[in-house]
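A look at the structure
Letter by letter, the chains look like this.
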Amino acid sequence: MATLANDTFTRTASSSWGSANTGGAWTLTGTATNFAVNGSAGTISTAKGITRKAFLTAVSSDNADVTVSFSIPVVPAGGSATIYLIGRGTATDWHGVKATISTAGVMQLIAVRSVAGTETVLGSTATVPGTFTAGAVWKIRVQVSGTGTTTINGRLWTGTEPGTWAVSQTDTVGPQVAGGIGITTYAGSAVTNGPFVYSIDDLTAVTLVNSVTVAAVVAPASAAARTPVVSGAATVAAPASAA
């Protein structure tokens, strides 16, 4: 197994995320004072209508398996909370997954690409088991592999990792080259109980071998039981620019 990145966020930093344990320095987009590391997590304060980004630009891979844990201290009111896990790319051109927390605590995941900052969702949204409660820790995992045709697999869960992918898509339009990994947060423009302070922890990124992860998987599904690819894409406007 080749480790691309690892971050336990056990350091402290103000107006910065410093450097990951493995993977180099974090490159941040948005006002620096909204980023910090408190010794147990990296935090991103995200006001309504605002997008903030953190990337490991020193990482470069065209086949990556990335997992991260996240939480916010409240259930969103008035609008949703969103976090993206980007498995390959740059701040504007990437493939990854988007997790959304609704005002009712419903958790949803969808595969996404971005080209020149324009976001396109790929396939259908998956509603996953469980309901978000204030301060609950959830995890996102994304695999991005292949050039020419990119495959994006994603999971979203709390507790025990599921053995099947919540979303699985292919794409030939987005960036088909090696890239870094990143995290993006967004708060809906109608949110009434923001800003949301996202806590980010336990980031791991490893390479894939022949498009199959070399990291441990809990209860892997058989090939026949895996989530089928759903075709189709819908272009949507990108979230508000970082501030």
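So, here's what we can say about the structure. Everything quoted here is computed from the prediction, not taken from an experiment.

So, on to the overall build of the protein chain. Counting secondary structure elements, the protein chain contains zero helices and 18 strands. Here the analysis covers contacts within the protein chain between residues at least 6 apart in sequence; of these, 67% occur between residues at least 24 apart. Just so you have it, the protein chain exposes about 9500 Å², and 55% of that area is on carbon and sulfur atoms.

With that settled, the discussion passes to the pattern of salt bridges. Going through the model one piece at a time under the given rule, you end up with six salt bridges. Residue Arg141 pairs with Asp65 through a salt bridge whose shortest N-O separation is 2.7 Å. Here Arg141 is found in strand E12 (residues 138-145), whereas its partner Asp65 is found in strand E7 (residues 64-71), with 76 residues between them in sequence. A relative accessible area of 3% places Asp65 in the buried class. Asp171 is paired through a salt bridge with Arg113; the nearest N and O atoms lie 2.4 Å apart. Of this pair, Asp171 sits in strand E14 (residues 167-171) while Arg113 sits in strand E10 (residues 106-115), and the two are 58 residues apart along the sequence. It is possible to trace a salt-bridge network through shared partners that takes in Asp65, Arg141, Arg155 and Glu161.

Before going further, it helps to examine the pairing of E10. The buried fraction of E10 amounts to seven of the 10 residues, a majority that puts the element mostly inside the structure. As judged from the eight bridges shared by strand E9 (residues 94-101) and E10, these two strands associate in the antiparallel manner. Note on E10: the bridge partner recorded for Trp94 is Ser114. Taken together, E9 and the strand that follows it, E10, pair antiparallel across an intervening segment of four residues, in which Gly105 is found at a positive phi of about 80 degrees. Hairpin connection, E10 to strand E11 (residues 118-131): the antiparallel pair is bridged by two residues, and Ala116 has positive phi, about 55 degrees.

This brings us to the packing of aromatic side chains. Inspection of every chain in the model, using the stated rule, returns six aromatic pairs. Geometrically, the ring pair formed by Phe9 and Trp26 is stacked, given 6.2 Å between the ring centres and 25 degrees between the ring planes. Of this pair, Phe9 sits in the loop between strand E1 (3-7) and strand E2 (12-14) while Trp26 sits in the loop between E2 and strand E3 (27-29), and the two are 17 residues apart along the sequence. Neither residue differs from the other here; Phe9 and Trp26 are each classed as buried. Ring centres 6.3 Å apart and planes at 85 degrees place the aromatic pair Trp17 and Phe35 in the edge-to-face group. Of this pair, Trp17 sits in the loop between E2 and E3 while Phe35 is found in strand E4 (residues 35-38), placing the two residues 18 residues apart along the sequence. Comparing Trp17 with Phe35 shows no difference in burial state: the two are buried.

Basis of the calculations
Residues numbered from 1 in each chain as written. Predicted model: local features only at pLDDT ≥ 70, side-chain atom pairs only at ≥ 80, totals over all residues. Heavy atoms only, no water. Helix = DSSP H or I, 4+ residues; strand = E, 2+ residues; numbered from the N terminus. Contact = heavy atoms within 4.5 Å. Areas by Shrake-Rupley, 256 points an atom, 1.4 Å probe, with all protein chains shown as cover. Salt bridge = Lys/Arg side-chain N within 4 Å of Asp/Glu carboxyl O. Buried < 20%, exposed > 50% of the residue type's maximum accessible area, 1.4 Å probe, protein only. Pairing = 2+ DSSP bridges. Phe/Tyr/Trp six-rings, centres within 6.5 Å; stacked < 30°, edge-to-face > 60°.

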